[in-house]
Structures are given as structure tokens and as C-alpha cells.
Amino acid sequence: MSRYFAPTTAAEAAALLAEHGGARVVAGGTDLVVAARGGKHRMPEVLIAIHGATDLASLVENEDGVRLGALTSHAWIERSPLIGSHWSALADASALVGSPATRANGTLGGNLMNASPAMDTGAPLLVFEADVELLSLRGTRTVPVADLLAGAGRTTAEPDELLTSVRLPDLPPATGSAYVRLEHRRAMEIAVVGAAALVTLGDDGRVADCRVALSAAAPTCVRAREAEDLLRGLRPDGASFRDAAALATGAVQPITDVRASARYRRAMISVVVSRALAVAAARAAGTDIAVPANRNLPTVTAGSTG
Ligand SMILES: Cc1cc2nc3c(=O)[nH]c(=O)nc-3n(C[C@H](O)[C@H](O)[C@H](O)COP(=O)(O)OP(=O)(O)OC[C@H]3O[C@@H](n4cnc5c(N)ncnc54)[C@H](O)[C@@H]3O)c2cc1C
């Protein structure tokens, strides 16, 4: 028979994790419980349900950026004017997750710790160079998201560590970001491939900085650094986006599965990267493109920022 605990603080949850080896945290349950009911794995013997730990649902703003509690829901992120205007790619991503019910229950912490290669928030968090706080009885440590994600379904967190928050660092002026995914339908879908882009424009209108990350294209979300390097110093137009996007495929080894072949994924990576760059650059230039970018894509032509 399973044991079930419902701690009301993060510290209590960490203590329970230390006490019960093999215990699993459950937040919204939209990955863990749905997979167990679908027969993918057995329900864990010990469940630590953290939905009542109100200190994991906080929002802290300071001069470094913003810290979102692990229990922050996709529905909250999707509707947040703060996230939508400053860290738009994350709002684009959360707005695409599942259905309204999935977004109401599914959490940012659960999305990261489930570590699916197709998770939608991973690529945005990589382009923001976000980090997370992990809590255990040994104390708290800060880990960049890039170092947390270790592979399909794997993180570098220890079994007794609780993810307590995600920090989104502040961004320079004239910076825009976007997340775009290829999907076969508009709800209850998982990314076939996805791309997040961040573009900072210089005073001369050229790309001063640029970051690109991919989802559903490798065992975990990854940066596409060759694409980033190519774009720095160029004009933000359709031609340079397409050249950078073509390089992005070199960063990954897509797989063939039920949703797409590796060849199709490879071809589509450059499409989603090019679109994400166009939206990020347009937002950096001050154009209002509503969340989610996927449903509001501008027309991109060579010589324009879209
Ligand atoms: C119908 C449907 C559609 C979906 N569509 C999408 C989609 O489009 N895009 C997408 O990215 N995902 C999608 N998902 C997956 C899921 O909704 C998200 O990954 C969600 O963010 C998971 O959050 P959760 O709180 O429900 O996680 P849970 O299921 O509670 O937990 C997931 C995993 O993370 C661990 N965990 C949770 N919180 C913590 C914590 N604070 N510290 C340590 N470990 C923790 C759990 O132990 C478990 O291993 C979908 C799921 C369903 C059922």
C-alpha cells in the first residue's frame, strides 16, 4: 500500500524526502500520475504531494530578475503580464502546454524535473540562462538549467533534492525572445520540434547578442551555439535568420518516433529556429506580438525584421 504525505512547507517536504528513500514528489501530477495511470510505470510507494507547500508558489522580484516558485503553474505564466513582456519565450511555451486543464495543474518545476526532451519550458529557460534552487537537508544549491538537464527523463538533482524555484535573470534593453514549436494540432499536443530564441539589438540596429535553444531534437534541450555565433553583428533580417537556422541543425541528432522521422525533424528545425528568431527580433524592436508566438507569427521577408 502506498504512503501519502502532504507537507505544507518546502523544508517539511525536503525532510520527508530524506526520511523516505525512493519517495517521489508530486506537484500537479500531470506527468507522474498520468504516466502511472497509463501503465508507463508503477505508482511510487511513497508520494510527497507538495501542492499545499505555499512557500513553493511565490514570486520574488529583485534587481537580478525574478524568482518563480516551483509550483508556478503554466496557466499563471501564460497570463502574467510581467513574464509576457520580459521573458516572452517562457510565456509562449507555457501557453502551448496541453489544454487549459493541463496548464492549470501542471507546474514549471514539474516540467523541468520530468525532463522530457520535448518539454516546452526547457529551451526558453536555456536562452535566458536561468538557474534553479535545489533544497535538501544538506542545504540549498543553485544549478544552471543547462547543468540540471542530463538526458531524456534525467536530471542532475539527487533523489532527495526538491526543486524550490527557478530564477529568470534580468535582460538588457532592446532584448526580445520567443518560443515556437511545430505541432500537428493546436491542443493536447507535444512538440515535434521546438526552438527558443533571444535577440538583443545594438544601437546600430544589428544583432548585438543572440541565443538559440532547441527542444524535441536531442535527448534533452540544447543550445545551438553555431547559429548564435553566426548571427551576432548581422542585420536582423529573413536572410540572416535562415542562414543561422540552417546551422542550428548541426547542434542536434533528432530521432525517429511516432510523431516524426529524424529527416523531417531535421528539416523542420531550421523552420522553427528561423520563426523564433524573427519574433524575438521583432519584439526586441518593440513590435507587440501576442503570446503565444506560435499562433501570431509575422510574415518574414529578406531585408525585414518581420
Ligand atoms: C494531456 C497532457 C498534455 C501535455 N502537454 C504538454 C505540452 O504540450 N508540453 C509540455 O512541456 N508538457 C506537456 N505535458 C506534460 C506536463 O503537463 C508538464 O510537464 C507539467 O509541467 C508537469 O508538471 P506537474 O506539476 O504536473 O509535474 P508532476 O507530474 O507532479 O511531476 C513530474 C516529475 O517532476 C517531479 N517533480 C515535480 N515537482 C518537483 C519539485 N518541485 N522538485 C523535485 N521534483 C519534482 C516529480 O517527482 C515527477 O518526477 C502534458 C501532459 C498531459 C497529461
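Just above, that's the structure.
Residues numbered from 1 in each chain as written. Predicted model: local features only at pLDDT ≥ 70, side-chain atom pairs only at ≥ 80, totals over all residues. Heavy atoms only, no water.

Enquirer: Can you tell me about the pattern of salt bridges, naming the residues and giving the values?
Expert: This model, assessed by the stated rule, comprises 19 salt bridges. Between Arg181 and Glu183 there is a salt bridge, with its nearest N and O atoms 2.8 Å apart. Residue Glu183 is classed as buried on the basis of its relative accessible area of 16%. One salt bridge in this structure joins Arg265 and Asp257, with 3.2 Å as the shortest N-O distance. Judged by relative accessible area, Arg265 falls into the buried class, the value being 1%. Using a relative accessible area of 28% as the deciding quantity, one classes Asp257 as partly exposed. Look at the salt bridges and you will find they share partners, linking Glu129, Asp209, Arg211, Arg223, Glu228, Asp229 and Arg232 into a network. (Salt bridge = Lys/Arg side-chain N within 4 Å of Asp/Glu carboxyl O. Buried < 20%, exposed > 50% of the residue type's maximum accessible area, 1.4 Å probe, protein only.)

Enquirer: Account for the sheet that holds strand S3 (residues 46-49), naming residues and giving values.
Expert: Paired through backbone hydrogen bonds, the strands of a sheet run either parallel or antiparallel to each other. Taken in spatial order, the 3 strands make up an open sheet running S1-S3-S2, and their pairing is parallel. Sheet topology places strand S1 (3-5) and strand S2 (24-26) at the edges, where each strand pairs with a single neighbour. Mean inter-strand twist for the sheet, computed between neighbouring axes without regard to direction, equals 25°. With 3 bridges joining them, S2 and S3 adopt parallel strand pairing. Across the sheet, the residue bridging to Val26 is Ala49, located in S3. (Pairing = 2+ DSSP bridges. Helix = DSSP H or I, 4+ residues; strand = E, 2+ residues; numbered from the N terminus. Axes fitted to C-alpha atoms, helices over the stretch in contact; angles between N-to-C directions.)

Enquirer: Summarise helix H11 (residues 238-248); cite the residues concerned and give the values.
Expert: Listed as buried for H11 are Gly238, Ser240, Phe241, Ala244, Ala245 and Ala248. Angularly, the buried residues of H11 cover 160° about the axis, an arc narrow enough to put them on a single face. Packed against the buried residues of H11 are strand S13 (207-215), helix H10 (225-231) and helix H12 (262-284). (Arc of directions from axis to C-beta. Contact = heavy atoms within 4.5 Å.)

Enquirer: Lay out the site of the ligand with the relevant residues and their values.
Expert: In the region of the ligand, 31 residues are neighbours, and Val25, Thr30, Asp31, Thr107 and Asp120 sit closest. At 2.6 Å from an oxygen atom of the ligand is found a side-chain nitrogen or oxygen belonging to Thr30. Here an oxygen atom of the ligand sits 3.0 Å away from a polar atom, N or O, in the side chain of Arg181. Within the complex, the protein chains bury 91% of what would otherwise be the 980 Å² of accessible surface of the ligand. Elements represented by at least two residues in the shell around the ligand include exactly S2, helix H2 (32-37), helix H7 (108-114) and strand S10 (162-169). In terms of residue count, the dominant contributor to the shell around the ligand is H7 (4 residues). Partitioning the shell around the ligand into residue classes produces 15 nonpolar, 11 polar and 5 charged. (Near = heavy atom within 4 Å. Polar contact = N/O pair within 3.5 Å; in protein donor to acceptor, adjacent residues only side chain to side chain. Areas by Shrake-Rupley, 256 points an atom, 1.4 Å probe, with all protein chains shown as cover. Nonpolar A, V, L, I, M, F, W, Y, C, P; charged D, E, K, R; others polar.)

Enquirer: Can you break down the environment of Val25 residue by residue, with the values?
Expert: Checked against the element boundaries, Val25 lands in strand S2. Residue Val25 is classed as partly exposed on the basis of its relative accessible area of 26%.

Enquirer: Provide a residue-level description of the sheet that holds strand S7 (residues 139-144), including the pertinent values.
Expert: The strand order across the open sheet built from 5 strands is S4-S5-S10-S6-S7, with neighbouring strands paired in antiparallel fashion. The open sheet has two free edges, formed respectively by strand S4 (59-62) and S7, since each of these has just one partner strand. With direction set aside, neighbouring strand axes in the sheet form an average angle of 20°. Judged from the 5 bridges that link them, strand S6 (residues 131-136) and S10 form a sheet pairing that is antiparallel. Paired with Val132 across the strands is Val166, a residue of S10.

Enquirer: Tell me about the nonpolar core, and please be specific about residues and values.
Expert: Residues Ile83, Leu90, Leu112, Leu125, Phe128, Val132 and Leu168 are the most contacted members of the largest nonpolar core, which totals 41 residues. Residue contacts for Val132: discarding those within four places in its chain leaves Leu112, Arg141, Thr142, Val143, Val145, Leu148, Leu163, Ser165 and Val166. Listed in part, the 38 residues of the second largest apolar core include Leu214, Ala260, Val273 and Ala280. (Core = buried A, V, L, I, M, F, W, Y, C linked by side-chain atoms within 4.5 Å.)

Enquirer: Hey, could you go over the layout of surface pockets for me, with residue numbers and the actual values?
Expert: Estimated volume of the second largest pocket: approximately 230 Å³. Gly84, Ser85, His86, Ser88 and Arg283 are, among the 16 residues lining the second largest pocket, the residues nearest its centre. Of all the secondary-structure elements, those providing two or more residues to the lining of the second largest pocket are helix H4 (81-86) and strand S11 (175-182). Looking at side-chain class alone, the lining of the second largest pocket contains 6 nonpolar, 7 polar and 3 charged residues. (1 Å grid on protein atoms, 1.4 Å probe; cavity = no way out; pocket = protein on both sides within 12 Å on 5 of 7 lines; lining within 4 Å. Points joined across faces, edges and corners; volume = space filled by probe spheres on them.)

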